[in-house]
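# Chain and residue survey
So you can see what is in the structure, the chains are spelled out below.
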Amino acid sequence: MPAPSVLIAGCGDVGGRLATKLLAAGWHVYGLRRDVSRLPDGVTGVAGDLFNEDCPMTWPVGAIDYVVYCAAATDHDENGYRKAYVQGLQNVLSWLGDYGQVPDRLIFVSSSSVYGQQDGAWVDETSETVAAGYSGRLMLEAEQVALNSGIRASILRLTGIYGPGREWLLTQVRRGYRVATEPPLYGNRIHADDAAGLLAFLLEKDRQGVQLEDFYIGVDDAPAPLAEVVGWLREYLGVTEWADDASVRRTGSKRCSNARAKALGWVPRYPSYREGYAAILEGRC
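Note that the structure is a prediction, hence the values are computed from the model and not measured.

Reading the values: rules and limits
Residues numbered from 1 in each chain as written. Predicted model: local features only at pLDDT ≥ 70, side-chain atom pairs only at ≥ 80, totals over all residues. Heavy atoms only, no water. Helix = DSSP H or I, 4+ residues; strand = E, 2+ residues; numbered from the N terminus. Expected span 1.5 Å × (residues − 1). Bend = angle between axes of the 7 residues up to and from the residue. Buried < 20%, exposed > 50% of the residue type's maximum accessible area, 1.4 Å probe, protein only. Contact = heavy atoms within 4.5 Å. Salt bridge = Lys/Arg side-chain N within 4 Å of Asp/Glu carboxyl O. UniProt positions renumbered as here; feature names shortened; annotations may be inferred. Core = buried A, V, L, I, M, F, W, Y, C linked by side-chain atoms within 4.5 Å. Axes fitted to C-alpha atoms, helices over the stretch in contact; angles between N-to-C directions. Left-handed = near helix turned anticlockwise from the far one by under 90°. Nonpolar A, V, L, I, M, F, W, Y, C, P; charged D, E, K, R; others polar.

## Topic: helix α2 (residues 78-98)
A rise of 1.5 Å per residue sets the reference length of α2, with its 21 residues, at 30 Å; its end C-alpha atoms lie 29 Å apart and thus fit the reference within 8%. At Gln87, α2 shows its strongest bend, of approximately 35 degrees. The set of residues buried in α2 consists of Gly80, Tyr81, Ala84, Tyr85, Val86, Gly88, Leu89, Asn91, Val92, Leu93, Trp95 and Leu96. Next to the buried residues of α2 lie β1 (5-9), β2 (28-33), β4 (66-69), β5 (105-111) and α3 (134-147). Immediately downstream of α2, the backbone of Gly100 shows phi near 65 degrees, a positive value.

## Some words on the pattern of salt bridges
Under the definition given, this model contains 16 salt bridges. We note a salt bridge from Glu78 to Arg137, for which the minimum N-O separation is 3.2 Å. Highlighted residues: Glu78 in helix α2 and Arg137 in helix α3, separated in sequence by 59 residues. Between Arg152 and Asp206 there is a salt bridge whose closest N-O contact spans 3.3 Å. Remark: Asp206 occurs in helix α5 (residues 192-207) and Arg152 occurs in the loop between α3 and β7 (153-158); sequence separation between them is 54 residues. Take Arg152: its relative accessible area is 42%, and that puts it in the partly exposed class. Its relative accessible area of 7% is what places Asp206 among the buried residues. Linked by salt bridges that have partners in common, Asp13, Arg17, Lys21, Arg166, Asp193 and Arg269 make up one network.

## Observations regarding the UniProt feature "domain: NAD-dependent epimerase/dehydratase" (unreviewed entry) in the protein chain
Look at the UniProt record and you will see "domain: NAD-dependent epimerase/dehydratase" (unreviewed entry) annotated at residues 6-218. Secondary structure within residues 6-218 divides into 33% helix and 21% strand; the distance between the first and last C-alpha atoms comes to 20 Å.

## Topic: the nonpolar core
The nonpolar side chains of a soluble globular protein tend to be buried, and buried together. Judged by nonpolar contacts, the single largest core of 38 residues is most densely connected at Trp59, Tyr69, Val92, Leu106 and Phe108. Where this core is concerned, the elements lending two or more residues are β1, β2, β4, α2, β5, α3, β7 and β11 (215-218). The dominant element in this core, judged by the number of residues it contributes, is α2, at nine residues. Listed in part, the 32 residues of the second largest apolar core include Leu18, Leu22, Leu202 and Leu203.

## A short note on the packing of helix α6 (residues 226-237) against helix α8 (residues 273-281)
When two helices pack together, you describe them by how their axes are tilted relative to each other and by the distance separating the axes. Remark: α6 packs on α8, axes separated minimally by 11 Å, with the N-to-C direction vectors making an angle of 35 degrees. Classified by chirality, the crossing of α8 by α6 is right-handed. Along its contact with α6, which presents Glu228, Val229, Trp232, Leu233, Tyr236 and Leu237, the element α8 presents Tyr273, Arg274, Tyr277, Ala278 and Leu281. Partitioned by chemical class, the residues of the contact of α6 with α8 number nine nonpolar, no polar and two charged.

Okay, structure coming up:
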């Protein structure tokens, strides 16, 4: 039986981690990004720009079994998000059509920003999407592009991704960052390796013939108040002073559930921020 093939469109940090996992499992992996020299060893590079309508010269010929779209916006404004998530996905679908390629499934990596709830309530895949900002609005628009593509599609809504190279919170804590404690400001997070692991898990499940749902949330087991996370990190890092200009975050929050993914059998490697940040600080990931 030939090895399954996957095209990872937007093969950056999470996409590269996914590629490494799939290569180890015997998959043939195509990675689409501008600079293919930064792809993991073993990935077949597709040098291209998702924001350009022109099909990459090195677009693969022949069947593509799966497509994972996990682009990242380079400009964090409304136009940048539209280009990265709506137009970029439309371009990939157009290129597939040009080559007559119909993958078995498309997985679109979205964001929990589609949930605008601000009262600390739990949300899951059945919760109302009430995106307040342009990022959530455009993610919802891109999700519909995927679901209406004519390809079987699943949407993975990732929460706040952290990991090596994604250390904004660690930097802020070292500077004396503080947050409001009441009401609790819940944060939802997932380690980059778990984000990639969940994508690989869903692909393997589909390959095994398991019927996937349209939507999944990618989050660890323990959404926690930001003040708790900051307090734990301060103690771990030995930070004792508060900065004079420390930020005080008072915006609302929600708690995201990973029950659907776990019911399918997924188990995060880093079930809470404690395991994940300890692995980062100890150089284990």
